[in-house]
Amino acid sequence: MFKFLSGLFSRDIGIDLGSANIVVYVKGCGIIIDEPSVLAVRKIGNKGKKEVIAFGHPAKRMIGKTPQGIETVRPLQHGVIADFDMTEQMVGHYMVSANQGRRLLAHPRVAICVPACVTEVEKRAVVDATLGAGAREAFVVEEPLAAALGTGLPINEPRGNMVVDIGGGTSEVAVLSLGGVVISNSLRTAGDDLDSAIVAMLRQNYTLSIGDSTAEEVKFTIGSVIPLEEELEMEVKGRDLMDGLPKVVKVTSIEVREAIEPIIVRIEDMLRYALEQTPPELVKDVVDQGLVLTGGSSQLRGLSNRFSEAMNVPVHMAEQPLYSVAMGLGKLLETVDRGDKIAVTVDHSTI
Ligand SMILES: Nc1ncnc2c1ncn2[C@@H]1O[C@H](COP(=O)(O)OP(=O)(O)OP(=O)(O)O)[C@@H](O)[C@H]1O
Ligand SMILES: [Mg+2]
């Protein structure tokens with residue numbers, strides 16, 4: 001639905017509710033929260049009741065290390081809500097933090113993102129969780145649109161603007177023109193799947209069992225998608241599946257690249273398909289101006305070069321790939337504050 005937003009937001013916040021990270025923008029203040037979308041919970045009794053004992057970074061540090069009775073939860077998987085109650089608690093917690101702990105004032109209007117691929121039911125769940133967490137109103141903005149705004153693309157012009165967001169749970173591509181999404185494609189495959197591929201490779205090649213956090217560290221340290229001038233290697237510690245004892249193996253960037261290759265190929269296919277669907281006049285703009293690559297996983301070594309070759313278009317890296325979506329939401333909030341009109345696709349719900 002196309003709407004002109006004007007003067008709709010007061011003390012407003014924008015929330016990039018990602019599978020891996022939650023980033024909160026407060027109007028007039030900028031980005032004030034950047035935390036992993038993780039909670040640690042303690043089970044109370046045997047009726048399935050749970051009490052949250054940590055949010056964000058402290059909770060992420062507990063992954064794979066919790067004693068009995070405590071577990072870590074990632075309430076969003078592949079861009080959608082997997083655990084409604086935990087999502088609501090997490091959003092509520094950060095809404096209060098955004099209001100400097102003033103719980104009573106924590107009823108802001110909230111602009112929140114969903115991947116372009118979500119179903120109406122999944123979108124409704126995000127709205128309900130936001131309202132349930134205490135928001136007065138919830139505006140749902142399509143993630144690629146916010147990402148494009150956040151990277152500074154002139155999306156309101158009659159010009160093809162292509163943005164690619166590779167996050168933790170979803171990979172998305174969109175072409176925008178005149179303030180709206182012309183075409184978009186998504187895959188529920190991204191950084192988390194790269195980690196899983198590394199876990200599987202170590203199990204298969206070395207009978208080594210490691211957790212997701214270690215796999216992510218391997219990805220950061222030696223992950224790449226093109227051959228490197230000097231290939232990298234690192235020691236990885238885990239448990240040998242054969243005898244159950246601790247084991248250390250040396251892993252190279254070549255092995256990691258091979259392990260994640262099928263996922264990168266799937267993402268490339270999605271990008272090519274998006275270009276095929278794009279009207280020719282807009283493709284011409286993309287070829288001239290290039291596309292903008294954002295999202296945490298866009299920082300994988302060599303990804304921009306790889307996409308540039310695969311699609312034959314210039315690729316520009318976003319300045320702050322982890323913040324593009326939240327910055328875009330912020331721009332939306334700040335722009336309407338100045339009384340400017342901006343055409344965007346939003347859905348709006350009130351309690
Ligand atoms: N330097 C890096 N190299 C490779 N991957 C990285 C790097 N930094 C972060 N990542 C990955 O980026 C992902 C998180 O990105 P981001 O915060 O954009 O995702 P998200 O918005 O939470 O998820 P989504 O939008 O898919 O729901 C994680 O999988 C993380 O491992
Ligand atoms: Mg994201």
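Just so it is clear, the model here is predicted, and its values are computed rather than measured. (Residues numbered from 1 in each chain as written. Chains lettered and ligands numbered in written order. Predicted model: local features only at pLDDT ≥ 70, side-chain atom pairs only at ≥ 80, totals over all residues.)

Attention now goes to the overall build of the protein chain. Counting secondary structure elements, the protein chain contains 10 helices and 20 strands. Judged by the C-alpha coordinates and their principal axes, the protein chain covers about 65 × 55 × 30 Å. The burial tally for the protein chain puts 49% of its 351 residues in the buried class. Taking contacts inside the protein chain between residues at least 6 apart in sequence as the whole, the part at least 24 apart equals 65%. (Helix = DSSP H or I, 4+ residues; strand = E, 2+ residues; numbered from the N terminus. Buried ≥ 20, exposed ≤ 12 C-beta atoms within 10 Å, placed from the backbone. Contact = placed C-beta atoms within 7 Å.)

In the region of ligand 1, 22 residues are neighbours, and Gly18, Ser19, Gly167, Gly191 and Gly296 sit closest. When contributions to the shell around ligand 1 are tallied by element, the ones reaching two or more residues are helix H5 (191–206) and helix H6 (212–222). Among the elements that take part in the shell around ligand 1, H6 stands out by supplying 3 residues, more than any other. In terms of residue class, the shell around ligand 1 is made up of 5 nonpolar, 14 polar and 3 charged. (Near = placed C-beta within 6 Å. Nonpolar A, V, L, I, M, F, W, Y, C, P; charged D, E, K, R; others polar.)

When cut into domains, the protein chain gives domain 1 (2–34 + 80–147 + 323–350), domain 2 (38–73), domain 3 (153–189 + 261–317) and domain 4 (191–259). Each side of the interface is counted separately: domain 1 has 17 residues, and domain 3 has 17 residues. Those elements that provide at least two residues to the side of domain 1 that touches domain 3 are helix H4 (143–150) and strand E20 (342–350). Class assignment for the residues of the side of domain 1 that touches domain 3 results in 11 nonpolar, 4 polar and 2 charged. (Domains from an automatic or database assignment.)

Nonpolar side chains in soluble globular proteins tend to be buried together. Core analysis: the biggest nonpolar cluster contains 102 residues, and Val24 and Leu329 have the highest contact counts within it. With 9 residues, the top contributor of residues to this core is helix H7 (residues 253–277). Leaving out residues up to four positions away in the same chain, leucine 329 has contacts with Gly14, Asp16, Tyr25, Ala111, Cys113, Val141 and Ala146. (Core = buried A, V, L, I, M, F, W, Y, C linked by C-beta atoms within 7 Å.)

Time to look at the sheet that holds strand E18 (residues 291–294). Taken in spatial order, the 5 strands make up an open sheet running E14-E13-E12-E18-E19, and their pairing is mixed. In this open sheet, the two edge strands, each paired with only one partner strand, are strand E14 (180–187) and strand E19 (315–317). Strand after strand, the sheet turns through a mean of 20° between neighbouring axes, direction not considered. Where strand E12 (residues 161–166) meets E18, 4 bridges bridge the pair, whose relative direction is parallel. Within E18, the position partnered with methionine 162 by the bridge is leucine 291. (Pairing = 2+ DSSP bridges. Axes fitted to C-alpha atoms, helices over the stretch in contact; angles between N-to-C directions.)

The next thing to look at is unusual backbone geometry. Phi is positive for histidine 78, which is not a glycine, with a value near 50°. The residue histidine 78 is located in the loop between strand E8 (76–77) and strand E9 (80–81) in this model. The phi angle at leucine 178 is positive, at roughly 50°, despite the residue not being glycine. Checked against the element boundaries, leucine 178 lands in the loop between strand E13 (171–177) and E14.

Attention shifts here to H6. Among all positions in H6, only Ala215, Glu216, Val218, Lys219 and Ile222 are buried. Projected down its long axis, H6 carries its buried residues within an arc of 165°, all on one side. Buried residues along H6 sit against H5, strand E16 (233–240), strand E17 (246–252) and H7. (Arc of directions from axis to C-beta.)

This part is about the pairing of strand E5 (residues 39–44). Examined bridge by bridge, E5 and strand E6 (residues 49–55) share 6 bridges and lie antiparallel to one another. Opposite isoleucine 44, over in E6, you have lysine 49 as the bridge partner. Hairpin connection from E5 to E6: 4 residues lie between these consecutive antiparallel strands, with glycine 45 at a positive phi of about 65°. When E5 meets strand E7 (residues 70–73), the two strands line up antiparallel, connected through 4 bridges. From the neighbouring strand, arginine 42 faces E7, where its bridge partner is isoleucine 70.

The next subject is the confidence of the model for the protein chain. Here the protein chain averages 90 in pLDDT, while 91% of its residues score no lower than 70. Note that residues 339–343 has pLDDT below 50 and, in this model, 16 contacts with residues that lie over four places away or in other chains. (pLDDT = per-residue confidence, 0-100.)

Right, let's get into the packing of H5 against H6. At a closest axis distance of 8 Å, the pairing of H5 and H6 adopts a crossing angle of 100°. For the element pair H5 / H6, the angle class is roughly perpendicular. Residues Leu194, Asp195, Ile198 and Val199 of H5 touch H6, and the partners they reach there are Asp212, Ala215, Glu216, Val218 and Lys219. (Parallel < 35°, antiparallel > 145°, perpendicular 65-115°, else oblique.)

Quick look at the environment of methionine 242 now. Among the secondary structure elements, methionine 242 is positioned in the loop between E16 and E17. Along the chain, methionine 242 and tyrosine 25 lie 217 residues apart, while their C-alpha atoms are 48 Å from each other.

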